[in-house]
Amino acid sequence: MRFYISKFTNLSKFFSVSNLIFQKFCRTMNKLALDLLDLLEISLAVVGHNHNYYRKLYDDAVSIVRCNHYPQCNKPDLTYGVGPHCDPTTLTILYQDLVGGLEVFVDNKWKSVQPHRDALVINIGDTFTALSNGKYKSCLHRVSVNSLSPRLSLVFFLCPKGDRELKAPQELVEKDGKKEYPDFTWGEFLQFTQKNHRADENTLQLFTKWLLTSKNRNV
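Residues numbered from 1 in each chain as written. Predicted model: local features only at pLDDT ≥ 70, side-chain atom pairs only at ≥ 80, totals over all residues. Heavy atoms only, no water.

## A closer look at helix H5 (residues 186-195)
Along H5, the residues classified as buried are Trp-186, Phe-189, Phe-192 and Thr-193. Projection of H5 onto a plane perpendicular to its axis shows the buried side chains occupying an angular sector of 125°, all on one side. Away from its buried face, by an angle of more than 90 degrees, H5 presents the exposed residues Gln-194 and Lys-195. (Buried < 20%, exposed > 50% of the residue type's maximum accessible area, 1.4 Å probe, protein only. Helix = DSSP H or I, 4+ residues; strand = E, 2+ residues; numbered from the N terminus. Arc of directions from axis to C-beta.)

## Description of the nonpolar core
Formed by 44 residues in total, the largest nonpolar core has its most connected members in Leu-37, Tyr-54 and Phe-128. Of the residues forming this core, the biggest block, seven residues, is contributed by helix H1 (residues 10-43). Once you skip the residues sitting within four places of it in the chain, Leu-37 turns out to touch Tyr-54, Tyr-58, Thr-90, Leu-91, Phe-128 and Leu-158. (Core = buried A, V, L, I, M, F, W, Y, C linked by side-chain atoms within 4.5 Å. Contact = heavy atoms within 4.5 Å.)

## Side note on the environment of Ile-124
Inspection of the secondary structure assignment puts Ile-124 in strand S6 (residues 121-124). Under the relative-accessibility criterion, Ile-124 is labelled buried at 15%. As for Ile-124 and Leu-140, which are separated by 16 residues in sequence, their C-alpha atoms are 9.3 Å apart. Filtering out sequence-adjacent residues up to four positions away, Ile-124 remains in contact with Leu-40, Thr-90, Leu-91, Thr-129, Tyr-136, Lys-137, Ser-138 and Cys-139.

## Things to note about a nonpolar patch on the surface
A contiguous nonpolar surface patch, about 240 Å² in accessible area, is contributed by Tyr-95, Leu-120 and Ile-122. Residue position: Leu-120 is located in the loop between strand S5 (109-112) and S6. Take Leu-120: its relative accessible area is 39%, and that puts it in the partly exposed class. (Patch = residues over 30% accessible without salt bridge, like charges linked within 9 Å, V, L, I, M, F, W, Y side chains within 5 Å. Areas by Shrake-Rupley, 256 points an atom, 1.4 Å probe, with all protein chains shown as cover. Salt bridge = Lys/Arg side-chain N within 4 Å of Asp/Glu carboxyl O.)

## As for the packing of aromatic side chains
Going through the model one piece at a time under the given rule, you end up with 11 aromatic pairs. Between Phe-184 and Phe-189 the ring centres are 5.8 Å apart and the planes differ by 80°, which places this aromatic pair in the edge-to-face class. (Phe/Tyr/Trp six-rings, centres within 6.5 Å; stacked < 30°, edge-to-face > 60°.)

## Things to note about the sheet that holds S6
Taken in spatial order, the four strands of this open sheet run S1-S8-S3-S6, and their pairing is antiparallel. Looking at the sheet topology across the chains shown, the edges are occupied by strand S1 (64-70) and S6. Within this sheet the neighbouring strands show an average axis-to-axis angle of 20°, counted without direction. Taken together, the four bridges between strand S3 (residues 91-96) and S6 define a ladder with antiparallel strand orientation. Note on S6: the bridge partner recorded for Thr-92 is Asn-123. (Pairing = 2+ DSSP bridges. Axes fitted to C-alpha atoms, helices over the stretch in contact; angles between N-to-C directions.)

Structural data, given as structure tokens:
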């Protein structure tokens, strides 16, 4: 769909302003995501020559921003806005309206994430699970719907360039004594989720098996 906006209309001014706001939002979320990676690196005690390891992987990130609209539903008990899944991306930064509906699976049960006007929700994705050698687990979540009000959310997904090789820091692997996941590119993982297996709670494990099988087949 294309929009052709005359420079003489009020709409052109609206899209010009909204475009600047959108760009500022993207830059701000990218900076926040990189700062979060720094904190995660500190928590994993990745030091020495691996300092800023994660930040360097994403210095030319090609991330995704999505606005989600969940319409009200006459039979909310029969469906979900989004079914249970883990995000295949690295980090997810979510701003949700005050309607509610996001749920996370914690302690073997689903718990509602109550919306707050001044708060962001941060999720670990499958890619960072691999980058942390399994230390951090991706967040299993879903979105319910309701019969009273539609829901809006704005989501930033941190993603590296498609051809960037992704692997846990060698220092972390040596501490653990085992490499939990094979090296891969974001392009390979994204292709898997688009063509082979829709994202759910088992995506990373199935991708790992698929990747190892594919590489052995090509040897």
